Amino acid sequence: MENYFNYFTEIEEHFQRRWGAPLLLSTLDWTLMETWRDAGIPLEAVLRGIDTTFEHHDRRPSKKSRKINGLGFCVQEVLTAAEEMKEAAVGAAQAEPAGGRPTGFQTSEIVAFLRLNAEQLDAAKLPEEKGISATPLARETANTLRAIAADLEVTKTLPRLEDLERRLTVAEEKLFAILLAATPDEQIVTVRAEADRELAPYRRKMPAAQIEQLQRQYVHKRLLEKYMLPRLSLFYL
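Just so it is clear, the structure is predicted and the values come from calculations on it, not from any experiment. (Residues numbered from 1 in each chain as written. Predicted model: local features only at pLDDT ≥ 70, side-chain atom pairs only at ≥ 80, totals over all residues. Heavy atoms only, no water.)

Asks: Let's hear about the overall build of the protein: which residues, and what values?
Replies: If you tally the helices and strands in the protein, you get nine helices and two strands. N-terminal to C-terminal, the α/β element order of the protein is α-α-α-α-α-β-β-α-α-α-α. In the protein, which comprises 237 residues, the share counted as buried stands at 46%. The long-range share in the protein, meaning contacts at least 24 apart out of those at least 6 apart in sequence, stands at 81%. Put simply, the protein shows about 12,800 Å² of open surface, and 53% of that area lies on carbon and sulfur atoms. (Helix = DSSP H or I, 4+ residues; strand = E, 2+ residues; numbered from the N terminus. Buried < 20%, exposed > 50% of the residue type's maximum accessible area, 1.4 Å probe, protein only. Contact = heavy atoms within 4.5 Å. Areas by Shrake-Rupley, 256 points an atom, 1.4 Å probe, with all protein chains shown as cover.)

Structure representation (structure tokens):
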């Protein structure tokens, strides 16, 4: 599996190159990338799928054909490329694609990132509904991030990034769960309706399980944005 920390950036930059200009990816695009990553779809399969989608589009004679404005248009070709790689039994053995970059993380950068996120968690104004408050968990998470940062400063060595990423992912998932419980139902319904509208053009191209995962991740992102909470993953460093 390709380096986790290159996965998102490689896809974003490759799509922008094929588009021909910088293009701000949508919330749906980012949630779709997360879905592919979580499903174990190799980076090379995603890049191949993007290329194939644009190549098919460019061969269309009509000048009025719909533009490829997001990754959702590439779903079918990405899944096809992933299946072809699986059948060829080369997915797990593929080398990092040309142009891949090392993570380049420094201990000091990780420490600063953790402390900044802790400050944002402490400052956030979080919901309380039916006796459920997200604030205590946010404060606890902030203290955990500071403790990790302090340990890194003492050891002065780069941690195992995979292990740290797992801890941060678990912390973020717990925050999402309590935000979901503490946010009024009508607000969640509104966000889910927004997700449904965003996903509507792509439903015929995606399996039901992928649609369900995208909806969940879309709501996740929107709640974090609503309450101005940071993403804890090292990808956002």
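Asks: Which residues make up the pattern of salt bridges, and what values do they have?
Replies: Two side chains bearing opposite charge may form a pair once their charged atoms approach each other closely. By the definition in use, this model includes eleven salt bridges. The salt bridge partner of Arg 18 is Asp 51, with a shortest N-O separation of 2.9 Å. Taken as a pair, Arg 18 in helix H1 (residues 4-19) and Asp 51 in helix H3 (residues 43-58) lie far apart in primary sequence, 33 residues in all. Residue classification places Arg 18 among the partly exposed positions, given a relative accessible area of 27%. A salt bridge links Arg 231 to Glu 34; the shortest N-O distance between them is 3.3 Å. Separated by 197 residues along the polypeptide, Arg 231 in the segment after helix H9 (208-226) and Glu 34 in helix H2 (residues 27-38) bring together distant segments of the chain. (Salt bridge = Lys/Arg side-chain N within 4 Å of Asp/Glu carboxyl O.)

Asks: So what about helix H6 (residues 135-155)? Which residues, and what values?
Replies: Between its terminal C-alpha atoms H6 stretches 31 Å, which fits the 30 Å expected from 21 residues at 1.5 Å a residue. Buried-residue contacts for H6 involve helix H5 (107-123) and helix H7 (161-182). Count one or two residues on from H6 and you reach Lys 156, which has phi positive near 55 degrees. (Expected span 1.5 Å × (residues − 1).)

Asks: Explain the nonpolar core residue by residue, including any values.
Replies: In terms of nonpolar packing, the biggest core is built from 66 residues, with Ile 11, Phe 15, Trp 36 and Leu 114 touching the most fellow members. Of the residues forming this core, the biggest block, eight residues, is contributed by H7. In this view, Leu 114 contacts Leu 145, Ile 148, Ala 149, Leu 152 and Leu 168; residues no more than four positions away in its chain are not counted. (Core = buried A, V, L, I, M, F, W, Y, C linked by side-chain atoms within 4.5 Å.)

Asks: Run through the environment of Pro 201, naming residues and quoting values.
Replies: Residue position: Pro 201 is located in the loop between helix H8 (185-199) and H9. For the pair Pro 201 and Gly 72, spaced 129 residues apart in the sequence, the C-alpha separation amounts to 8.1 Å.

Asks: Give a detailed account of the packing of H7 against H9, specifying residues and quantitative values.
Replies: In the contact formed by H7 and H9, the axes pass within 10 Å of each other and the chain directions differ by 85 degrees. One element, H7, and the other, H9, form an angle in the roughly perpendicular class. Judged by residue contacts, Glu 172, Phe 176, Leu 179 and Leu 180 of H7 engage Arg 216, Val 219, His 220, Leu 223 and Leu 224 from H9. By residue class, the composition of the contact of H7 with H9 is six nonpolar, one polar and two charged. (Axes fitted to C-alpha atoms, helices over the stretch in contact; angles between N-to-C directions. Parallel < 35°, antiparallel > 145°, perpendicular 65-115°, else oblique. Nonpolar A, V, L, I, M, F, W, Y, C, P; charged D, E, K, R; others polar.)

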